[in-house]
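The residues making up each chain are set out below.
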Amino acid sequence: MFKIYKYRVSILGTGFIGLCSAACFAEKDIKVLASTHNEKKAKMINDGIAPFFEAGLQEMMDNIKKKHPELLQCMLDPIKAVLETDISMITQGTPMREDKSIDLSYIESTAREIGEALKQKDKYHLVVVRSTVVPGTTRNLVGKIIKDVSGKEPGKDYGLCMQPEFLAEGRSIEDTLHPDRIVIGEFDVKSGSMLQEFYEYFYGEHLNQCPILRMNLESAELVKYGNNCLLSTKISYANEFANFAELVPNVDIVQVMKGVGLDYRINSRFLGAGVGFGGSCFHKDVNAIKAWSKSKGYTSRLLEAVLDINDDQAVHIVDLAEELAGNLMGKKVSLLGLAFKPGTDDMREAASIRVVNELIKRGIKNIEGYDPKANEKAAIELGDKIKFADSIEQVLKDSECALLITEWDEFKKLTPEDFKKHMKTPNLVDGRRLYNYEIFNKNLFFRAIGRINLE
Ligand code: UGA
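Thresholds applied
- Residues numbered from 1 in each chain as written.
- Predicted model: local features only at pLDDT ≥ 70, side-chain atom pairs only at ≥ 80, totals over all residues.
- Heavy atoms only, no water.
- Helix = DSSP H or I, 4+ residues; strand = E, 2+ residues; numbered from the N terminus.
- Rg over C-alpha atoms; globule rule 2.2 N^0.38 Å.
- Buried < 20%, exposed > 50% of the residue type's maximum accessible area, 1.4 Å probe, protein only.
- Contact = heavy atoms within 4.5 Å.
- Areas by Shrake-Rupley, 256 points an atom, 1.4 Å probe, with all protein chains shown as cover.
- Lys, Arg positive; Asp, Glu negative; His and termini not counted.
- Charge placed at Lys NZ, Arg CZ, Asp CG, Glu CD.
- Pairing = 2+ DSSP bridges.
- Axes fitted to C-alpha atoms, helices over the stretch in contact; angles between N-to-C directions.
- Core = buried A, V, L, I, M, F, W, Y, C linked by side-chain atoms within 4.5 Å.
- Parallel < 35°, antiparallel > 145°, perpendicular 65-115°, else oblique.
- Nonpolar A, V, L, I, M, F, W, Y, C, P; charged D, E, K, R; others polar.
- Right-handed = clockwise from strand over helix to strand, strands pointing away.
- Near = heavy atom within 4 Å.
- Polar contact = N/O pair within 3.5 Å; in protein donor to acceptor, adjacent residues only side chain to side chain.
- Domains from an automatic or database assignment.
- Expected span 1.5 Å × (residues − 1).
- Arc of directions from axis to C-beta.
- Buried area = accessible area lost by both parts, 1.4 Å probe.
- Salt bridge = Lys/Arg side-chain N within 4 Å of Asp/Glu carboxyl O.

**Q** Whenever I open this one, the overall build of the protein chain confuses me. Can you help?
**A** Within the protein chain one finds 18 helices and 14 strands. Its C-alpha radius of gyration of 24 Å places the protein chain within 12% of the 23 Å reference for a compact globule of 455 residues. For the C-alpha atoms alone, the extent of the protein chain along its principal axes is close to 75 × 50 × 40 Å. Here the protein chain holds 455 residues, and 54% of them are scored as buried. Considering only contacts within the protein chain whose residues lie at least 6 apart along the sequence, 75% involve residues at least 24 apart. With an accessible surface of roughly 20600 Å², the protein chain has 53% of that area assigned to carbon and sulfur atoms. Taking the average location of the 61 positive side-chain charges in the protein chain and that of its 66 negative ones, the two points are 2 Å from each other.

Take a look at the structure:
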C-alpha cells in the first residue's frame with residue numbers, strides 16, 4: 001500500500017552530518033532519501049551498513065533496517081531524490097583549498113542538481129544548507145544557481161534556509177538528537193516557518209530546553225564560524241597560558257584553567273592545554289573565515305594567532321622532549337596516539353602529523369607510533385615517515401622518549417612502572433595532561449605541557 005509520510009526529506013551528501021541526520025530522521029518516521037555519487041557507499045547504506053565509524057550510528061542503522069527499511073534509502077540520482085521529497089538538505093563537504101580558502105565546488109554542483117530537479121517540479125520545495133559555508137554562500141551561490149537553473153523564484157516557488165550543524169565527531173548522533181539550540185537562517189518567513197515546523201515535529205518536547213533562533217541567512221552562516229573559532233580560541237588561550245605557566249616553577253596549567261573555567265561567564269570546556277587541536281573542522285573553518293574576511297578587506301589578527309599558537313604546540317612538545325632526553329637524533333621516539341582525538345580513527349590535521357614533521361626536521365628518524373584505532377589511516381597520511389606498532393608494549397620497546405599525543409583510555413591506565421619496564425630510558429612527555437603529575441614526576445623522567453617543577 002502507498003504510505004503517506006508527514007515529511008519526506010532528501011539529504012544530499014552522506015558524510016557525518018548527512019548520514020547521522022538521515023538515520024535520526026528515519027528513526028522518527030520521516031521518509032529519507034539520501035543521495036551520493038559514490039556507488040559503493042550507496043550500496044552499503046542500502047544494505048544497512050554505516051560506511052564510516054561513528055558511535056551509535058551502526059546500531060541505529062540496524063534498527064531501521066530491521067523495523068522500517070523503507071524509511072532510509074540511498075540513491076545515486078540526486079535529482080530523483082529531490083523530486084520525491086519536500087525538503088532537501090545540502091550536507092556536502094566544504095574542504096580547505098590549497099590557498100586555505102573554502103572550496104565550494106561540491107555545494108555548487110549540488111545546487112545545480114537541485115535546480116535541475118526544481119525545473120521539473122510544480123510544488124513548493126524547501127532547500128536547507130547544512131554545510132559550513134562562508135557568509136553569502138546560501139543566498140548568492142546556492143539560491144542563485146537554483147534560480148538560474150530551474151527558472152523558479154526563491155521565496156515563491158522554493159524556500160531557502162541555512163541551518164548550521166554543531167556535531168562533534170564521536171558525538172554526532174547524541175548532538176543531532178539533543179542539540180543546545182537550533183539556528184535557522186531564513187530567506188523569508190515562509191521558509192523559516194516550514195523548517196521550524198519540521199523541527200517541532202522531529203524534536204517534540206526537547207524544544208522545551210532547546211531554543212530555536214531565527215535570523216537571516218548570513219547571520220546563521222556566521223554563527224557556525226563564531227562557534228568553531230571561539231572553541232579554537234579557547235584552546236589556544238589555554239595553550240598560551242600553559243606557556244606562561246612553564247615560566248614559573250610549580251605553576252600548573254590544569255589548576256589555573258580550572259580556576260578560570262569555574263567563572264560562570266566562561267566555563268571550563270575547551271580550556272584543555274596540550275599538543276593542540278586537529279580535526280577536519282577547526283583548521284578548515286578558522287582558515288576559511290580568515291580568508292573570506294581578508295577578501296572583503298579586513299585582516300583578522302586574532303585568528304592568525306589562534307592558528308600559530310596551536311601549531312607551535314607541536315614544536316614545543318618536541319622541545320620538551322629534547323630538554324628531557326637530550327638530543328634525540330639516532331634514538332627511538334615513541335608516539336602514543338595518532339588520531340586527532342580519542343574515539344575516532346580520523347587523522348585529518350591531527351597534531352601527530354605536526355609532531356612527526358618537527359621530529360623529522362630535527363633529523364630524528366627512528367619514530368614509532370601506536371594508535372588503538374588510527375594506525376591504518378595514519379599509514380596513509382604519514383607513509384613511511386614512521387613505523388607502526390600493534391601494542392603499547394611494542395611501541396615503547398627500546399624507546400628513549402615517549403610522547404603522549406592522544407588521550408585514549410588505554411593510555412590512561414599506564415603507570416610509571418609500565419614505562420620503566422618497556423623503555424630503554426623512561427622519558428615521558430605528557431602532551432594531553434593525562435597523567436597525575438606528582439606520581440609520574442616522582443617516578444619517571446617526566447615533562448608535561450603547562451608545568452615545570454623545581455627539583
Ligand atoms: C568540532 C566542534 O566541536 C563541533 O561543534 C563542530 O560541529 C565540528 O567541529 C564541525 O565543525 O563539524 P570536532 O572537530 O569533531 O568538532 O572535535 P572536537 O571535539 O571539537 O575536538 C577538536 C580538537 O580540539 C581535538 O583535536 C581535541 O583534542 C582538541 N581539544 C579539545 C583540545 O586540544 N583541548 C580541549 O580542551 C578540547
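**Q** Hey, could you run me through the environment of Leu 222 in this one?
**A** Of note, Leu 222 is situated in helix H9 (residues 217-245). Remark: the alpha-carbon pair of Leu 222 and Gly 297, spanning 75 residues in sequence, is separated by 17 Å. Excluding anything up to four places from it in sequence, Leu 222 contacts Pro 135 and Ile 289.

**Q** Can you walk me through the sheet that holds strand S7 (residues 182-186) in this structure?
**A** Sheet strands pair via backbone hydrogen bonds, and the direction of the pair is either parallel or antiparallel. Taken together, 8 strands build an open sheet; the order of strands is S3-S2-S1-S4-S5-S6-S7-S8 and the sheet is mixed. Of all the strands in the sheet, just strand S3 (72-75) and strand S8 (212-216) have a single pairing partner and so form its edges. Neighbour-to-neighbour, the strand axes of this sheet turn through a mean angle of 25°, independent of strand direction. Relative to strand S5 (residues 125-129), strand S4 (residues 87-90) is paired through 4 bridges, and the arrangement is parallel. Counterpart to Ile 87 in the pairing with S5 is Leu 126.

**Q** Honestly, the nonpolar core in this entry has me stumped. Any pointers?
**A** Inside soluble globular proteins, nonpolar side chains tend to come together where they are buried. Of all hydrophobic cores here, the largest spans 59 residues; its most connected members are Ile 317, Leu 335, Val 355, Leu 403, Phe 411, Phe 419 and Tyr 435. In terms of residues, this core owes the most to one element, helix H12 (residues 302-325), which gives 6 residues. Other than its neighbours up to four places away in sequence, Phe 419 contacts Leu 336, Leu 396, Ala 402, Leu 414, Pro 426, Leu 428, Tyr 435, Phe 440 and Leu 444.

**Q** Honestly, the packing of helix H6 (residues 137-150) against H9 in this entry has me stumped. Any pointers?
**A** Two measures define how a pair of helices packs: the angle their axes make with one another and the distance between the axes. One way to put it is that H6 packs onto H9 with a least axis distance of 8 Å and a crossing angle of 115°. Considering the angle they form, H6 stands roughly perpendicular to H9. Each of Thr 137, Thr 138 and Arg 139 in H6 lies in contact with H9, whose residues at this interface are Leu 217, Glu 218 and Glu 221. Split into classes, the residues belonging to the contact of H6 with H9 amount to 1 nonpolar, 2 polar and 3 charged.

**Q** Please explain the pairing of strand S10 (residues 367-370) as it appears in this structure.
**A** The two faces of S10 match: Ile 367 and Gly 369 on one face and Glu 368 and Tyr 370 on the other face are all buried. Examined bridge by bridge, strand S9 (residues 333-336) and S10 share 4 bridges and lie parallel to one another. Looking at the pairing, Leu 336 lines up with Tyr 370 of S10. Each parallel crossover has a hand, and for S9 linked through helix H13 (residues 351-361) to S10 it is right-handed.

**Q** Even after reading the chapter, I still don't get the environment of Ile 182, so can you show me in this structure?
**A** Its location among the elements puts Ile 182 in strand S7. If near-sequence neighbours (up to four positions away) are discounted, Ile 182 is found in contact with Gln 163, Tyr 199, Tyr 203, Leu 207, Cys 210, Pro 211, Ile 212 and Leu 213.

**Q** Is there a simple way to explain the site of the ligand in this structure?
**A** Lining the immediate environment of the ligand, one finds 20 residues, of which Leu 167, Glu 169, Lys 224, Asn 228 and Phe 340 sit closest. Arg 432 has a polar side-chain atom sitting 3.2 Å from an oxygen atom of the ligand. Considering the ligand on its own, with 720 Å² of exposed area, one finds that the protein chains cover 88% of that surface. The set of elements that each furnish at least two residues to the shell around the ligand consists of H9 and helix H11 (282-295). Per-element accounting of the shell around the ligand gives the leading share, 4 residues, to H9. Along the lines of polarity and charge, the residues of the shell around the ligand split into 11 nonpolar, 3 polar and 6 charged. There are two domains that each give the shell around the ligand at least three residues, and those are domain 1 (8-210) and domain 2 (246-448).

**Q** Can you walk me through helix H8 (residues 189-203) in this structure?
**A** Counting along an α-helix, one turn takes 3.6 residues, and residues three or four places apart therefore face a common direction. Taking 1.5 Å of rise per residue, 15 residues should cover 21 Å, and H8 covers 20 Å from first to last C-alpha, within 8% of that figure. All of the buried residues in H8 are Ser 191, Gly 192, Leu 195, Gln 196, Phe 198, Tyr 199, Phe 202 and Tyr 203. Looking straight down H8, one finds its buried side chains confined to an arc of 160°; they lie on one side. The positive-phi residue at the C-terminal boundary of H8 is Gly 204, with phi of around 50°.

**Q** Help me out: how do you make sense of the domain arrangement of the protein chain in this one?
**A** You'll often see interface size given as the accessible area lost when the parts meet. Taken domain by domain, the protein chain comprises domain 1 (8-210) and domain 2 (246-448). Taking only C-alpha atoms into account, the centre of domain 1 sits 35 Å from that of domain 2. Contacts between the two partners involve 13 residues from domain 1 and, on the opposite side, 16 residues from domain 2. Approximately 1100 Å² of surface area, both sides summed, lies buried where domain 1 meets domain 2, with 59% of it carried by carbon and sulfur atoms. In this assembly, domain 1 and domain 2 are joined by 1 salt bridge. Across the domain 1-domain 2 interface, the total number found is 4 residue pairs in polar contact (both at pLDDT 80 or more). Taken together, the residues of the side of domain 1 that touches domain 2 sort by class into 8 nonpolar, 3 polar and 2 charged.

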